[in-house]
Amino acid sequence: HGLGLSLGTPGRLHQPTLKQFVRVAQAANAEWVSEHVAFTRTGEVDLGHLNPVPRTRESLRVITEHALEVAESCGKPLILENITAGLQVGGCFSETEFLNRLCEDAQCGLLLDVTNLFINGKNHGYDPAAWLHELDPRHIVQLHVVGYSKRGDEYHDHHSAPIQPEIMELVQAAVEYAPVKGIILERDERLEEVDEIASELRRLAKALENHRFHDSAGTPAQ
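Structure report, in brief. (Residues numbered from 1 in each chain as written. Predicted model: local features only at pLDDT ≥ 70, side-chain atom pairs only at ≥ 80, totals over all residues. Heavy atoms only, no water.)

Examining unusual backbone geometry
Line of reasoning, step 1. Despite not being glycine, asparagine 29 shows a phi value in the positive range, around 50 degrees.
Line of reasoning, step 2. Taking relative accessible area as the criterion, asparagine 29 reaches 58% and is therefore assigned exposed.
Line of reasoning, step 3. We note that histidine 159 has phi near 55 degrees; this positive angle belongs to a residue other than glycine.
Line of reasoning, step 4. Among the secondary structure elements, histidine 159 is positioned in strand E8 (residues 154-161).
Line of reasoning, step 5. You can call histidine 159 buried: its relative accessible area is 17%. (Buried < 20%, exposed > 50% of the residue type's maximum accessible area, 1.4 Å probe, protein only. Helix = DSSP H or I, 4+ residues; strand = E, 2+ residues; numbered from the N terminus.)

Digging into the packing of helix H4 (residues 114-124) against helix H6 (residues 165-177)
Line of reasoning, step 1. Where H4 meets H6, the axes come as close as 10 Å, and the angle between the chain directions of the two elements is 120 degrees. Of the two elements, H4 crosses H6, and the hand of that crossing is right-handed. Counting all contacts with H4, which are made through Val114, Thr115, Leu117 and Phe118, the residues of H6 involved are Glu166, Ile167, Leu170 and Val171.
Line of reasoning, step 2. Taken together, the residues of the contact of H4 with H6 break down into six nonpolar, one polar and one charged. (Axes fitted to C-alpha atoms, helices over the stretch in contact; angles between N-to-C directions. Left-handed = near helix turned anticlockwise from the far one by under 90°. Contact = heavy atoms within 4.5 Å. Nonpolar A, V, L, I, M, F, W, Y, C, P; charged D, E, K, R; others polar.)

Notes on the side chain of serine 6
Line of reasoning, step 1. Tracing the sequence through the fold places serine 6 in the segment before helix H1 (15-28).
Line of reasoning, step 2. In this structure the side chain of serine 6 is engaged in a polar contact, spanning 2.8 Å, whose partner is the backbone nitrogen of threonine 40.
Line of reasoning, step 3. Those residues in contact with serine 6, other than ones at most four positions away along the chain, are Leu13, Glu35, Ala38, Phe39, Thr40, Arg41 and His66. (Polar contact = N/O pair within 3.5 Å; in protein donor to acceptor, adjacent residues only side chain to side chain.)

Some remarks on the environment of asparagine 120
Line of reasoning, step 1. Mapped onto the secondary structure, asparagine 120 falls in helix H4.
Line of reasoning, step 2. The exposure class of asparagine 120 is buried, given its relative accessible area of 5%.
Line of reasoning, step 3. Sequence separation between asparagine 120 and valine 53 is 67 residues; the distance between their C-alpha atoms is 15 Å.
Line of reasoning, step 4. Among residues more than four places away in sequence, those in contact with asparagine 120 are Ile83, Thr84, Ala85, Gly125 and Tyr126.

A look at the packing of H6 against helix H7 (residues 194-210)
Line of reasoning, step 1. At a minimum axis separation of 9 Å, H6 and H7 run at an interaxial angle of 30 degrees. Here H7 runs roughly parallel to H6, going by the angle between their axes. For H6 against H7, the interelement crossing comes out right-handed. Residues Met168, Val171, Gln172 and Val175 of H6 form the contact with H7, whose own contacting residues are Arg203, Leu204, Ala207 and Leu208. (Parallel < 35°, antiparallel > 145°, perpendicular 65-115°, else oblique.)

The structure is reproduced here in structure tokens:
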């Protein structure tokens, strides 16, 4: 799972970062690899943060070309993650249109961060469930989830809070809607809360198993 490939930056991918990414993916024998729909560097400066890209045809072209290069370099399928954004960047596509087009053009899947979706919906005033159903469900491969934090009127993801009921409801909606293959609980802090984390993992596993997607022949998705 990458953080620094900066797929949204025009020009050639940063080759030392790509080589490190490929080395880790091959050593782990990953079933798929993932990165973010974002940029983290300009032509000269590493910003050290995930930033939203404008939803334009040019951005679509740049990220598509980079996504295809990453997948080919790794020899693995690629899935791309939606990020939280402090501001909404415009363009000729809605966010869901952009993601659907990106998955089609780049022949990749979507790593749907449920918490990021919830936070963006709250901070920018839209319905996360409606946004979810604007995605082509066939693209959604994996989920990320963790609880949110709140400071004043702003919602944040610090990868530290327990999963709230409203986040779990959105997880349930996602696994009912799409052929999700896996869920990752993202906890970077408060790791000493072992019982809490174990309980959340059991809940997520049960949600995925209870709503295991079936194809038209009734066969569970693999």
